[in-house]
Amino acid sequence: MSEIKKETLTEEQLRERIEHRDEYSNKDKLKMAKVWWREQKPEDRVKNTDEVPFRLSELEAQAEAVRCMDCIKKNCVAGCPVAIDVPAMLRLVGEGDFRGAVRKMKETNVLPAITGRVCPQETQCQAVCLMSKAHKSTDEAVSIGKVEAFLADWERENGVEIPECAPPTGKQVAVIGGGPAGLTCAADLARLGHGVTILEAFHKLGGVLVYGIPEFRLPKKIVEAEIGILGEMGVKFEPNVVVGQTVTIDELLEEEGYDAVFVATGAGLPWFMDLPGEDLNNVYSANEYLTRANLMNAYKYGTEADTPIADSKRLAVIGGGNVAMDSARTAIRLGVPEVWLIYRRTEAEMPARLEEIHHAKEEGVKLHLLTSPVEYTGNDNGFVKSMKLQRMELGEPDASGRRRPVPIEGAIEEFDVDTVVVSIGNGANPLIPRTTPGLDTNQRKGTIVVDFERFMTSRPAVFAGGDIVVGASTVIMAMGHGRTAAASIHQYLQDGEWAGNGQAN
Amino acid sequence: MAKILKKKTIADKITWYELDAPRIARKRKPGQFVIVRPCEGGERIPLTIADADPEKGSITLVVQEVGKTTAYMGRELEEGGDMLDVVGPLGTATHIPDTPGRILAIAGGLGIAPLYPILKGFKEKGHEVTVILGARSKDLFIMRDMTATLVDKLLICTDDGSEGYHGLVTEVEKQLLESGEKFDEIIAIGPAIMMKFCVETARPFGVPITVSLNTIMIDGTGMCGGCRVQYGGGDKFVCVDGPEFDGYQVNFDRMMQRQAAYVGQEKKAYHDYLCRLEAKAQQIEATEREEAVS
């Protein structure tokens with residue numbers, strides 16, 4: 001993260017900016033200081049599971065919104081996977097009309113409290129913000145994400161308006177999977193008057209929002225509140241249903257009376273590296289480590305929760321993505337004294353958000369770069385005790401544009417650990433394709449094949465979106481799919497025409 | 001949420017539950033299991049379905065108290081109450097050939113519960129089934145009569161010699177195989193150590209042997225990989241690839257180590273729970289005594 005001066009404005013300065021908001025030219029706005037949010041100090045936050053950034057105050061949100069130049073191009077809208085009318089939203093915030101701003105935001109985004117926190121804004125709306133361009137730094141963008149989270153929290157505390165739903169159409173849709181794609185699709189379909197039931201494999205809805213993303217990045221009570229709104233809109237929830245096992249898609253359509261199905265089962269298949277000793281005790285997939293800590297509350301083991309997790313002294317996370325950062329930072333909060341990130345390239349190539357890497361380092365996570373495990377060894381009881389790491393150097397750029405790690409021959413080092421969290425990505429879970437005849441999948445990736453305009457699969461009345469069609473991606477991408485799929489399902493329910501042929505993706 | 005239609009103790013620390021779970025009852029096949037979570041904050045544990053009644057919409061689970069979660073179930077859940085979460089049926093079904101053959105099934109202790117629906121499945125397709133049932137002592141047998149009426153031949157053995165053959169199930173297995181009896185398949189279900197030695201006993205005779213593995217799981221859908229076992233040249237996920245596997249390919253030693261991954265924490269949680277229960281009971285007793293006095 002580049003060194004930038006994070007000035008704090010006084011209340012007086014904030015008020016003055018808000019008062020004169022209509023008098024500033026774009027030139028003035030370019031010189032305006034960004035309103036930085038405050039954060040919990042690293043030494044405090046490693047001891048709790050509260051969020052790292054403090055919420056913007058009403059004045060801060062207003063003053064930051066005033067920085068928007070309301071430019072003609074509206075790059076931010078195009079940069080948003082669900083196309084929030086950001087300038088209109090910011091204008092209302094600037095005026096202090098928070099209710100109006102919430103309504104504007106919710107026209108296209110049904111889960112703003114979540115996206116405001118977990119969207120990678122610095123590569124989306126904020127990356128293309130005119131402020132970023134003018135200053136040649138995304139740090140200078142209007143803090144769209146922080147304002148979005150502020151608005152969603154403001155609404156939760158000042159009375160949520162349950163979206164109005166169209167009169168019942170009599171049509172029923174089964175949404176498979178209660179994660180971001182499924183929740184978004186369900187909300188949109190309910191608004192259009194369709195009966196919607198979400199079938200969830202776990203005992204709790206939310207998908208990756210509850211089992212994967214940790215409390216300190218996304219408080220679970222916020223997810224629960226958002227899901228509660230869906231309930232008030234008439235969406236039905238059936239947890240503990242594994243489609244493909246408890247009931248098949250064919251049965252949903254033929255016996256249980258559903259008119260259409262939306263498959264949003266996510267990327268639930270953890271990748272391992274197929275290394276010797278990878279099945280040793282305390283070698284976890286990131287999915288398992290995070291599920292134990294988040295969904296099953298292992299950090300309250302012995303008091304409020306019965307699911308244990310390793311009591312580690314020296315833990316290594318393998319990988320450099322957001323999930324790796326979440327795992328490492330979760331370990332820190334579980335009280336693990338030494339937490340390492342083992343990554344095969346350098347920090348510059350890490351796919352994680354800069355903010356996450358920055359936070360992880362602040363909290364004491366140590367980086368061990370240009371290395372990759374090749375073998376794990378265990379003690380007599382089968383617990384991992386060390387790993388052999390292959391040293392790497394960077395070679396030519398690969399297809400992703402990042403420089404490829406190349407093993408340095410013979411450069412192997414021993415690294416002591418008592419816990420390993422493998423966080424190298426996820427593939428598509430095969431349960432549904434395996435139990436749904438005629439549902440085409442990508443041979444190599446196992447993802448369900450859809451056309452990306454209507455999200456239709458090779459099976460009539462069956463739609464799919466989110467990670468199950470692309471492999472592991474982002475929450476907002478999944479929500480975008482859910483939203484487009486809902487419109488497409490609505491169209492199909494109205495005219496009954498099936499144009500899907502599941503073109504190759 | 002699943003209503004507990006029936007709950008009874010069938011042996012020391014072994015409880016029989018019938019749960020109202022119509023979808024699972026209709027769908028389940030021999031060999032499959034469910035994951036239950038008994039209460040808020042509770043753990044998710046896999047349990048094999050011992051029987052099901054699709055018309056009544058009920059499934060049967062037979063559970064031995066081995067730790068805090070199973071102790072809570074046995075001691076605090078009540079008939080007429082609810083099991084908070086039940087999900088399934090999970091895993092793949094037992095492969096039961098259509099052409100009738102001769103099957104040798106071996107169950108140790110609680111293993112008869114998961115074995116029972118498999119035996120039923122084999123009998124329905126006309127297989128000839130011999131069962132070796134083992135326990136530490138004769139009072140510890142469960143589901144014995146229902147097994148006896150189902151199968152062609154039932155051989156009993158006990159560790160203490162209180163009934164039947166005095167010794168281990170593997171010794172009876174060996175005698176049968178040495179006597180020249182021919183079996184198309186052996187199925188062994190019980191503690192990992194028993195299954196390991198059933199496999200070793202069968203190996204020189206080359207009879208195919210299937211085992212059912214009970215590893216630690218969380219989701220049961222292949223999402224976490226916590227249940228993985230070393231199998232042949234690689235790893236398998238018990239929850240979706242199993243629970244039944246070719247016994248010759250399973251690395252039982254590693255599997256037993258993985259089963260013991262949290263043994264220290266689990267022992268403490270179990271102990272703490274029992275202490276809390278006892279303290280509660282003493283308090284109630286003291287209050288009652290006080291009330292009686294006044």
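Model, not experiment: these values are computed from the prediction.

A few words now on the pairing of strand S6 (residues 58-64) of chain B. All names here are of chain B. Of all 7 residues making up S6, 6 are buried, and the element is well covered by its neighbours. Pairing geometry for strand S2 (residues 14-20) and S6, over 7 bridges, is antiparallel. Residue pairing for S6: Thr15 is matched across the bridge by Val63. One ladder, built from 3 bridges, connects strand S5 (residues 51-53) with S6; its direction is antiparallel. Looking at S6, one finds that Asp51 is bridged to Thr60. Hairpin geometry of S5 and S6 is characterised by an intervening segment of 4 residues between the two adjacent antiparallel strands and by a positive phi of about 75 degrees at Gly57.

Take the interface of chain B and chain A next. Size of an interface: often given as the accessible area lost when the parts come together. On the chain A side, the residues contacting the 42 residues of chain B number 45 residues. In total, about 3,700 Å² of surface goes out of reach between chain B and chain A, with carbon and sulfur atoms giving 47% of it. Looking only at chain B, the three residues that lose the most surface to chain A are B:Arg23, B:Met223 and B:Tyr262, adding up to 20% of its buried area. Linking chain B with chain A are 5 salt bridges. The partner of B:Lys27 in a salt bridge is A:Glu251, with the nearest N and O atoms 2.6 Å apart. Across the chain B-chain A interface, the total number found is 25 residue pairs in polar contact (both at pLDDT 80 or more). Taken together, the elements giving at least two residues each to the side of chain B that touches chain A come down to helix H1 (22-27), helix H2 (68-76), strand S8 (85-90), strand S15 (228-231), strand S16 (234-237), helix H7 (238-241), helix H8 (252-259) and helix H9 (263-293) of chain B. Ranked by the residues each element gives to the side of chain B that touches chain A, the list is headed by S8(B), at 6 residues. In the side of chain B that touches chain A, the residues fall into 14 nonpolar, 13 polar and 15 charged.

Ranked by size, the top nonpolar core spans 102 residues in total, and within it A:Leu151 and A:Val263 carry the most contacts. With 9 residues, helix H20 (residues 475-495) of chain A is the largest single contributor of residues to this core. Formed by 39 residues, the second largest nonpolar core is a distinct cluster that contains B:Val87, B:Val199, B:Tyr231 and B:Phe245.

A few words now on unusual backbone geometry. A cis amide bond, omega -5 degrees, links B:Gly88 with the succeeding residue B:Pro89. With an omega of 10 degrees, the peptide bond between B:Gly242 and B:Pro243 qualifies as cis. Within the element layout of this structure, B:Pro243 appears in the loop between H7 and strand S17 (244-246). The backbone phi angle of A:Lys74 is positive, close to 50 degrees, even though this residue is not glycine. Here A:Lys74 lies in the loop between helix H4 (58-66) and helix H5 (75-79). Even without being glycine, A:Lys136 reaches a positive phi, approximately 55 degrees. Examined against the element boundaries, A:Lys136 turns out to sit in the loop between helix H9 (130-135) and helix H10 (144-158).

Turning next to the domain arrangement of chain A. Residues and elements named next belong to chain A. The assigned domain composition of chain A is domain 1 (11-158), domain 2 (172-268 + 427-495) and domain 3 (272-424). Here the C-alpha centroids of domain 1 and domain 2 sit 30 Å apart. Each side of the interface is counted separately: domain 1 has 23 residues, and domain 2 has 24 residues. Counting each side, the surface lost to burial between domain 1 and domain 2 is near 1,900 Å², with a carbon and sulfur contribution of 73%. When the buried area of domain 1 at its contact with domain 2 is split by residue, Val110, Leu111 and Ile114 rank highest and sum to 30% of it.

Bringing the packing of helix H7 (residues 98-106) of chain A against H10(A) into the picture now. Residues and elements named next belong to chain A. The N-to-C vectors of H7 and H10 enclose an angle of 115 degrees; their axes lie 10 Å apart at closest approach. Accordingly, the angle class assigned to the pair H7 and H10 is roughly perpendicular. Crossing of H7 over H10 shows left-handed handedness. Every residue of H10 that contacts H7 at Phe98, Arg99, Ala101, Val102, Met105 and Lys106 is listed here: Glu148, Phe150, Leu151, Ala152, Trp154, Glu155 and Asn158. Here the residues of the contact of H7 with H10 sort into 8 nonpolar, 1 polar and 4 charged.

Counted under the stated rule, the structure contains 12 aromatic pairs over all chains. Geometrically, the ring pair formed by A:Phe272 and B:Phe237 is edge-to-face, given 6.4 Å between the ring centres and 90 degrees between the ring planes. Taken together, the positions of A:Phe272 in the loop between strand S5 (269-270) and strand S6 (283-285) and B:Phe237 in strand S16 put the pair across two chains. Aromatic side chains A:Phe463 and A:Trp498 sit 5.1 Å apart centroid to centroid with 75 degrees between the ring planes, which places their arrangement in the edge-to-face category. Of the two residues, A:Phe463 is situated in strand S15 (residues 462-464) and A:Trp498 in the segment after H20; the sequence distance between them amounts to 35 residues. The exposure class of A:Phe463 is buried, given its relative accessible area of 0%. The exposure class assigned to A:Trp498 is partly exposed, which follows from its relative accessible area of 22%. Three or more aromatic residues joined by ring pairs make a cluster, and in this case those are A:Phe98, A:Phe150 and A:Trp154. A cation sits over an aromatic face here: A:Arg333 above A:Phe216, 3.8 Å from the ring centre. Across from the ring centre of B:Trp16, 5.1 Å away, lies the NZ or CZ of B:Lys8, which sits over that ring.

Conventions we followed
Residues numbered from 1 in each chain as written. Chains lettered and ligands numbered in written order. Predicted model: local features only at pLDDT ≥ 70, side-chain atom pairs only at ≥ 80, totals over all residues. Heavy atoms only, no water. Buried < 20%, exposed > 50% of the residue type's maximum accessible area, 1.4 Å probe, protein only. Helix = DSSP H or I, 4+ residues; strand = E, 2+ residues; numbered from the N terminus. Pairing = 2+ DSSP bridges. Contact = heavy atoms within 4.5 Å. Buried area = accessible area lost by both parts, 1.4 Å probe. Salt bridge = Lys/Arg side-chain N within 4 Å of Asp/Glu carboxyl O. Polar contact = N/O pair within 3.5 Å; in protein donor to acceptor, adjacent residues only side chain to side chain. Nonpolar A, V, L, I, M, F, W, Y, C, P; charged D, E, K, R; others polar. Core = buried A, V, L, I, M, F, W, Y, C linked by side-chain atoms within 4.5 Å. Domains from an automatic or database assignment. Axes fitted to C-alpha atoms, helices over the stretch in contact; angles between N-to-C directions. Parallel < 35°, antiparallel > 145°, perpendicular 65-115°, else oblique. Left-handed = near helix turned anticlockwise from the far one by under 90°. Phe/Tyr/Trp six-rings, centres within 6.5 Å; stacked < 30°, edge-to-face > 60°. Lys NZ or Arg CZ within 6 Å of the ring centre and 35° of its normal.

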